[in-house]
Amino acid sequence: MIERHRDSRELTERCDVVVIGGGVIGVCAAYYLAVHGRQVTLLERDEVCSGSSYGNSGLIVPSHSIPLPSPGADKLAMKWMLNPESPFYVKPRLDLGLASWLWRFRSNCTEEKMRRGVKTLTELSSASIELYEEVIAAEALDCGFRRDGVLMLYETPEGLSEGLHEADLLKGFGLAPKEMTGAETHALEPSIRPSAAGAVYYDGDGYLDPQQFVTGLAAALARKGVSVREGVEVLGFGVSGRSVESVRTSEGEYRADQVVLAAGSWSPGIVNKLPLKLPVQPGKGYSVTYSKAGVTPTRPLILGEARVGVNPMGGAVRLAGTLELAGLDLSMDQRRIGAMVRGAARYFVDDGSPAAVSGHWAGLRPCTPDGLPIVGAIEGMHNLIVATGHAMLGMTLGPVTGKLVAEVAGGSETSLDVAALSPDRFQRRVRRP
Ligand SMILES: Cc1cc2nc3c(=O)[nH]c(=O)nc-3n(C[C@H](O)[C@H](O)[C@H](O)COP(=O)(O)OP(=O)(O)OC[C@H]3O[C@@H](n4cnc5c(N)ncnc54)[C@H](O)[C@@H]3O)c2cc1C
């Protein structure tokens, strides 16, 4: 059952597995752990799905498997980073963690590392979209899931040529993108301006309403005997030797055999007393949801040059995008939201119909400097499993991450190779306890 914070009495509770964080990653981890027969307690400081998993674009996109650090991304980032209206922005500040993250990001912008990243991400995302079909059917989740493709749309010939280059790369990893001319794109999707240069259609991609999926799965968890506790903030850990003995929370202590850390962008703060490095920077993005849009596309789109995702969710339409490295800051910069909306408008015909906005939202993507998530146990802390750092792909990779976490926790061989995701890749210079 889902329980709100009970009272402030100190308690000590014995658990099998504690999962920290009620976003898509924590909820999927709890689900697969329960399917594997584990007794799970999920702790969420606020409500389930109140973090980055709430207002995102909801695109389930193996087509997005090119990691953020890629050749040229460092130079583009340098060009954009000080312009508050560009799709990528770094808030100028003195922060050693950020400086070291940017340095590592830059060192990952090579062809070889990018190709290794694409291999890992296409394997994970292709497995994950299959798992979406299974989980949604098994739990009868009503979340608007459809798998009829995503159109990557380009306004300019230069943008299209970049998109075709990415498509060629992804073909080498088993995806089957199809090139479309501007006229074909307009014929398929009349809401798009006929002047658009063209598109690349990824027919294996899908989309859903992210909040409906996460809260629906959390309700299924409760039916599977998982104890979902909302309003319980994790403050730190009690450690003995090489294991986490207890999870200290706002409502007392939980003693657990295993702990899964899935608190998204807040994960580094939770482990800051442990000898463990989690180089995760919050990458702020915004979404604007229209209860009634001027024009309504019939399928999801990614607007290439503007770097904006468009999801027609039921009767509504959601635009989402921008990436801002500004720390754990959820304030909304209207300049950036305005630039995103104006950038998106360039792609659509304007028939003068009025639009009605139902909500603005900001979320923090947990971003690693090598563009890969962190999933796995830690060498120096054997019963702590980390599952975070999914950046732009957290919705896409939710189910496969949950399944891998359950396999790691059970000590069985994992269904996919997780070596590249190990938290140990960041620990080299940390002294083991
Ligand atoms: C604008 C935007 C658009 C996006 N679009 C897409 C998309 O189309 N497709 C895609 O695949 N991904 C997308 N993403 C990325 C995706 O949203 C994230 O990668 C994903 O939501 C991360 O999930 P999470 O569970 O790790 O983190 P979160 O959803 O942030 O969950 C972490 C949870 O931990 C809780 N928590 C934090 N601290 C504590 C504590 N001390 N104690 C207890 N609980 C705690 C928080 O309250 C929160 O609920 C988008 C993101 C943004 C911002």
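Residues numbered from 1 in each chain as written. Predicted model: local features only at pLDDT ≥ 70, side-chain atom pairs only at ≥ 80, totals over all residues. Heavy atoms only, no water.

1. Concerning the packing of aromatic side chains
Line of reasoning, step 1. Inspection of the entire model under this criterion finds five aromatic pairs.
Line of reasoning, step 2. With 6.5 Å between their ring centres and 50° between their planes, Y54 and W361 make a pair best called tilted. A residue pair is termed long-range when its members are at least 10 positions apart, and Y54 in the loop between strand 3 (40-44) and strand 4 (59-60) and W361 in strand 18 (residues 356-367) qualify at 307 residues.
Line of reasoning, step 3. Using a relative accessible area of 35% as the deciding quantity, one classes Y54 as partly exposed. (Phe/Tyr/Trp six-rings, centres within 6.5 Å; stacked < 30°, edge-to-face > 60°. Helix = DSSP H or I, 4+ residues; strand = E, 2+ residues; numbered from the N terminus. Buried < 20%, exposed > 50% of the residue type's maximum accessible area, 1.4 Å probe, protein only.)

2. What about the nonpolar core?
Line of reasoning, step 1. Core analysis: the largest hydrophobic core is formed by 69 residues, its most contacted members being L33, Y132, L208, F213, L217 and V260.
Line of reasoning, step 2. Counting residues per element, this core draws most heavily on helix 1 (residues 24-35), which supplies ten residues.
Line of reasoning, step 3. Beyond its immediate chain neighbours, meaning those up to four positions away, L33 contacts V17, V19, R38, V40, V260, V405, A406 and A409.
Line of reasoning, step 4. Listed in part, the 26 residues of the second largest apolar core include V232, V234, I374 and L384. (Core = buried A, V, L, I, M, F, W, Y, C linked by side-chain atoms within 4.5 Å. Contact = heavy atoms within 4.5 Å.)

3. Looking at helix 10 (residues 394-410)
Line of reasoning, step 1. Along its 17 residues, helix 10 runs 23 Å from first to last C-alpha, staying within 8% of the 24 Å computed at 1.5 Å per residue.
Line of reasoning, step 2. At V400, helix 10 shows its maximal bend, which comes to roughly 35°.
Line of reasoning, step 3. Burial of helix 10 is extensive: 14 of the 17 residues sit out of reach of the surface.
Line of reasoning, step 4. Looking one or two residues past helix 10, G411 carries a phi angle of roughly 75°, positive in sign. (Expected span 1.5 Å × (residues − 1). Bend = angle between axes of the 7 residues up to and from the residue.)

4. Describing the side chain of K284
Line of reasoning, step 1. Along the chain, the position of K284 falls in strand 14 (residues 281-292).
Line of reasoning, step 2. Polar side-chain contacts of K284 include one of 3.1 Å to the backbone oxygen of D329.
Line of reasoning, step 3. Here S331 takes part through its backbone oxygen, which lies 2.6 Å from a polar atom of the side chain of K284.
Line of reasoning, step 4. Apart from residues no more than four positions distant in its own chain, K284 is found in contact with T322, L323, E324, D329, L330, S331, A362, G363, L364 and R365. (Polar contact = N/O pair within 3.5 Å; in protein donor to acceptor, adjacent residues only side chain to side chain.)

5. Some points on the pattern of salt bridges
Line of reasoning, step 1. Following the criterion strictly, the structure yields 23 salt bridges and no others.
Line of reasoning, step 2. R115 is the partner of E111 in a salt bridge, and the nearest nitrogen-oxygen pair spans 3.2 Å. Residue E111 and its partner R115 are located together in helix 4 (residues 111-138), separated by four residues, close to a single helical turn.
Line of reasoning, step 3. On the accessibility criterion, E111 (42% relative accessible area) is partly exposed.
Line of reasoning, step 4. Residue classification places R115 among the partly exposed residues on the basis of a relative accessible area of 39%.
Line of reasoning, step 5. Among the ionic pairs, E155 bridges to R346, the shortest N-O distance being 3.1 Å. Placement of the pair is E155 in the loop between strand 6 (150-154) and helix 5 (157-171) and R346 in the loop between helix 9 (334-345) and strand 18, with a sequence separation of 191 residues.
Line of reasoning, step 6. Salt bridges sharing partners connect three or more residues here, namely K284, E324, D329 and R336. (Salt bridge = Lys/Arg side-chain N within 4 Å of Asp/Glu carboxyl O.)

6. Considerations on the pairing of strand 11 (residues 234-240)
Line of reasoning, step 1. Inspection of the sheet shows strand 11 paired to strand 12 (residues 243-249) by six bridges, in the antiparallel sense. When the sheet's bridge partners are listed, S240 is paired in strand 12 with S243.
Line of reasoning, step 2. Here strand 11 hands over to strand 12 after two residues, with G241 in that stretch at a positive phi of 60°. (Pairing = 2+ DSSP bridges.)

7. Re the side chain of Q427
Line of reasoning, step 1. Of note, Q427 is situated in the segment after helix 10.
Line of reasoning, step 2. At 2.7 Å, the side chain of Q427 forms a polar contact with the backbone oxygen of K277.

8. Some thoughts on the domain arrangement of the protein chain
Line of reasoning, step 1. When the domains of the protein chain are assigned, the result is domain 1 (2-53 + 212-280 + 371-426) and domain 2 (76-98 + 282-367).
Line of reasoning, step 2. Look at where the C-alpha atoms of domain 1 and domain 2 centre, and you get two points 28 Å apart.
Line of reasoning, step 3. In this assembly, twelve residues from domain 1 lie in contact with nine residues from domain 2.
Line of reasoning, step 4. The tally of links from domain 1 across to domain 2 stands at zero salt bridges.
Line of reasoning, step 5. Here the side of domain 1 that touches domain 2 is built from residues that sort into five nonpolar, seven polar and no charged. (Domains from an automatic or database assignment. Nonpolar A, V, L, I, M, F, W, Y, C, P; charged D, E, K, R; others polar.)

9. Looking at the environment of R248
Line of reasoning, step 1. Along the chain, R248 falls in strand 12.
Line of reasoning, step 2. Taking C-alpha positions, R248 is 5.9 Å from V234, a pair spaced 14 residues apart along the chain.
Line of reasoning, step 3. When residues no more than four places from it in sequence are discounted, the contact partners of R248 are E233, V234, L235, G236, F237 and E253.

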